[in-house]
Amino acid sequence: MKLSQAAIFGSLVSSCLAFGPPTYGSRSQISMRVGTYDMTRRSKFKKILNEVRENPTKEAVQTNLISTETGDLIEKCNWKLRKAMIRKVNEMAAEFDVDVADGFGVPLNHKDMEAKLREEGVARTAEKKAKLDEAVKAQKQRIEKKAAKKAERVAAIAENLKKIKNSSPCKTEEKASEAPAAEAPAAEAPAAEAPAPVAEEKPTGGEVSVSMIKELREATGAGMMDCKKALIENGGDAEAASEYLRKKGLAQADKKAARVAAEGRISVASKDGKAVMVEINCETDFVAKDGSFLSFGDSVANAALDVGNEDTDALASTDIDGSTVEETRQALVSKIGENIQVRRFVGRGGSDSTVGSYVHMNRIGVLVEIEGGSTGLAEDIAMHVAAMNPPFAVPDEVPGDVLEKERNILKAQALESGKPAEIVDKMVEGRIRKYLEEICLVSQTYVKTNDKTVGKLLEENGAKMVGFTRIEVGEGIEKKEDNFAEEVAAMAAGKA
């Protein structure tokens, strides 16, 4: 067999497989074998025909059968299936006396397609031009409006200058008329000797100078007006004024202590294998970014390293920069004007373990303690804890009441399936193991690689999990939600 004959035979075979032999029975069924996509389209078309047959009305034919969607569906089919579909549409339309538009279901040829694309391009160009003209017009109006306002300001300035110029000669004439009258008495009286210049006296006793206010402000960090008032109240005595400001700061701190402080930051410090995290709260996120607040947080974290237990009262009495933590906090409250609190601190580590820390956006802090391994490994796992927030580190940490509660829930779910008791017990135990994998750190998939668990990562690096601590700024503090509309209404009612 020659190559050309083989090609013709292959073409005939593929055509038969694609379309199949025609059926000579009822013409109500479309009888051809098509590709996968054409089979889907044929199913949709049959569905439309069935809907029309279930509701055989003229409106149904117009709405469903000869709609734009049906036309687009027919256009996408192969030529033979499209021909059969169009025949069905024409038969159904003729039955209900509905006109079918010329070219319905027939795809555009190359020439018509180019014409359609040109029309759409012209329409898009016209739309873009209209938008551009509108933008240019709006810009021109804005420029004209600015020019008009500038002209008004220039005219107002010119008018003021004119008034000043007109009023100046009058004053000059008045001064000139008063000058001769003043010269006559001066001529009669003997010339008085000019008084000697008075030397500027330096502030003494109760007097307050600018330099004194500046020095007190640099020493205490208080506001300028507060420093001036303190010096006046204490007769210019800098030490008494400083003590006065400290007492005032204590009163302000006590007054602001009742206000909600749910913002802030996490500060971390480490030394000799030990690491601590301190949560310091303030009222707004703006203060949480202030340099004085950040410096205070770092100082408190370093001071917490020397505190044996996690006692905030003991931390408050620890010295930092010549003052206690509490005194420094009160001074900071007086300076910034917000409620600032050292809420809590936690620590981990020892001589036999390795500790790594991670702080995310100054709001989420994590300490991870492991046996063996390196600090970098502990920091990577701390990053995983910050992202995934697992409740427990290892299965042994899970409380028995939590497991029992989960076991009862899973058992009740399994019993509803009607399985035997021994099968139910096995199902429950399997689900408990899966539950422990989800809530325990060592069983979770490591987020940085997604190809191993945290426990496997520790095993590869010769390390063992000891535990972790995760804290978040403001967790557990109930924040006050302000209603702006209610505040405006209350203010309006008060004015009325």
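In this report, the structure presented in the accompanying data block is examined. Sequence order sets the numbering: in each chain, residues are counted from 1 along the sequence as written. It should be noted that, the model being predicted, local features are given only for residues of pLDDT at least 70 and side-chain atom pairs only at 80 or more, the latter also being counted only at that level, while totals for whole chains, interfaces and linings use all residues. Excluding hydrogens and water, the side-chain figures rest on all heavy atoms present in the structure.

### So, unusual backbone geometry
In this structure, aspartate 272 is a non-glycine residue whose phi angle is positive, near 55°. Under the DSSP-based scheme used, a helix requires at least four consecutive residues in state H or I and a strand at least two consecutive residues in state E, with every element numbered from the N terminus. You can see aspartate 272 is positioned in the loop between strand 1 (263-271) and strand 2 (274-282). Residue classification places aspartate 272 among the exposed residues on the basis of a relative accessible area of 73%. Phi angles above zero are rare outside glycine, and methionine 361 is one such case at about 55°. Checked against the element boundaries, methionine 361 lands in the loop between strand 6 (354-360) and strand 7 (364-371). Only protein chains enter the accessibility calculation, which uses a 1.4 Å probe; a residue whose area is less than 20% of its type maximum is buried, one above 50% is exposed, and one in between is partly exposed.

### Quick look at the packing of helix 2 (residues 36-54) against helix 4 (residues 68-75)
It is the contact of helix 2 with helix 4, at a shortest axis distance of 10 Å, that shows an interaxial angle of 150°. Crossing of helix 2 against helix 4: the hand is left-handed. Along its contact with helix 2, which presents Arg41, Lys44, Phe45 and Ile48, the element helix 4 presents Thr70, Leu73 and Ile74. A breakdown of the residues in the contact of helix 2 with helix 4 according to their chemical character gives four nonpolar, one polar and two charged. A fitted line through C-alpha atoms represents every axis, and for helices the fit uses only the stretch in contact; the resulting angles, taken between N-to-C directions, go from 0 to 180 degrees. By definition, any crossing whose near helix is turned counterclockwise from its far helix by less than a right angle is left-handed, and any crossing with a clockwise turn is right-handed. Any two residues whose heavy atoms approach within 4.5 Å are treated as being in contact. Side-chain classes are defined by residue name, with Ala, Val, Leu, Ile, Met, Phe, Trp, Tyr, Cys and Pro counting as nonpolar, Asp, Glu, Lys and Arg as charged, and the others, Gly among them, as polar.

### Concerning a nonpolar patch on the surface
On the surface, Leu108, Met113 and Leu117 cluster together into a nonpolar patch covering about 260 Å² of accessible area. Summarising the element assignment, leucine 108 is placed in the loop between helix 5 (79-95) and helix 6 (110-188). Note on leucine 108: relative accessible area 41%, which makes it partly exposed. Like-charged residues are merged into a patch within 9 Å and nonpolar side chains (Val, Leu, Ile, Met, Phe, Trp, Tyr) within 5 Å, provided each residue has over 30% relative accessible area and no salt bridge. Reported accessibility uses the Shrake-Rupley method at a 1.4 Å probe radius. Residues are deemed covered only where the shown protein chains occlude them. Whenever Lys or Arg places a side-chain nitrogen within 4 Å of a carboxyl oxygen from Asp or Glu, that contact is recorded as a salt bridge.

### Description of the sheet that holds strand 7
The rule for pairing is simple: two strands pair if DSSP sees at least two bridges between them. In space, the three strands of this open sheet follow the order 6-7-8, with antiparallel pairing throughout. Only two strands of the sheet have a single partner each, and these edge strands are strand 6 and strand 8 (464-472). Going across the sheet, the axis of each strand differs from the next one's by a mean of 15°, ignoring polarity. Bridge count between strand 6 and strand 7: seven bridges; the pairing is antiparallel. Its bridge partner being in strand 7, serine 357 is matched across the sheet by leucine 367.

### Observations concerning the side chain of serine 353
Relative to the assigned elements, serine 353 resides in the loop between strand 5 (341-349) and strand 6. Under the relative-accessibility criterion, serine 353 is labelled buried at 14%. Within the structure, serine 353 has its side chain in polar contact with the backbone nitrogen of glycine 350 (distance 3.3 Å). For the purposes of these results, a polar contact is taken to be a pair of N or O atoms within 3.5 Å, where, inside protein, one atom must be able to donate a hydrogen and its partner to accept one; residues adjacent in sequence count only when each atom of the pair is a side-chain atom. A polar contact is formed between the side chain of serine 353 and the side chain of glutamate 369, at a distance of 2.8 Å. Among all residues touching serine 353, those that are not within four sequence positions of it are Glu369 and Ile370.

### Concerning helix 2
Under the 1.5 Å per step criterion, the end-to-end length of helix 2 is 27 Å for 19 residues, consistent within 8% with the ideal 27 Å. Taken as a whole, helix 2 has its buried residues at Asp38, Arg41, Arg42, Phe45, Ile48, Leu49 and Val52. The buried residues of helix 2 all sit within an arc of 120° when viewed along its axis, so they share a single face. Among the exposed residues of helix 2, those pointing more than 90 degrees away from its buried face are Thr36, Lys47 and Glu54. Considering only its buried residues, helix 2 is in contact with helix 3 (58-65), helix 4 and helix 5. Residue count minus one, scaled by 1.5 Å, sets the expected span of a helix. When we speak of the arc, we mean the arc of directions from the helix axis to the C-beta atoms.

### Looking at the pattern of salt bridges
Scanning all chains against the criterion turns up 16 salt bridges. Across the pair glutamate 283 and arginine 259 runs a salt bridge, and its minimum N-O distance is 3.0 Å. Remark: arginine 259 occurs in the loop between helix 9 (238-256) and strand 1 and glutamate 283 occurs in the loop between strand 2 and helix 10 (291-304); sequence separation between them is 24 residues. Assessed through its relative accessible area of 37%, arginine 259 is described here as partly exposed. Across the salt bridge formed by aspartate 380 and lysine 448, the nearest N and O atoms sit 3.4 Å from each other. Of the two residues, aspartate 380 sits in helix 13 (residues 375-388) while lysine 448 sits in the loop between helix 15 (421-439) and helix 16 (454-460), which places them 68 residues apart along the sequence. Judged by relative accessible area, aspartate 380 falls into the partly exposed class, the value being 25%. Each of Glu279, Arg343, Arg344 and Glu475 takes part in one network of salt bridges that share partners.

### Topic: the sheet that holds strand 1
Backbone hydrogen bonds hold the strands of a sheet together, and the pairing may be parallel or antiparallel. As summarised here, the arrangement of the three strands in space is 1-2-5, forming an open sheet in which the pairing is antiparallel. Of all strands in the sheet, those with a lone pairing partner are strand 1 and strand 5, marking the two edges. Neighbour-to-neighbour, the strand axes of the sheet open up by a mean angle of 15°, direction not taken into account. In this structure, strand 1 lies alongside strand 2, joined through nine bridges in antiparallel fashion. When the bridges of strand 2 are listed, serine 270 appears paired with alanine 275. Its contacts with the sheet place helix 10 against strand 1, strand 2 and strand 5, and it is angled at close to 145° to strand 2.

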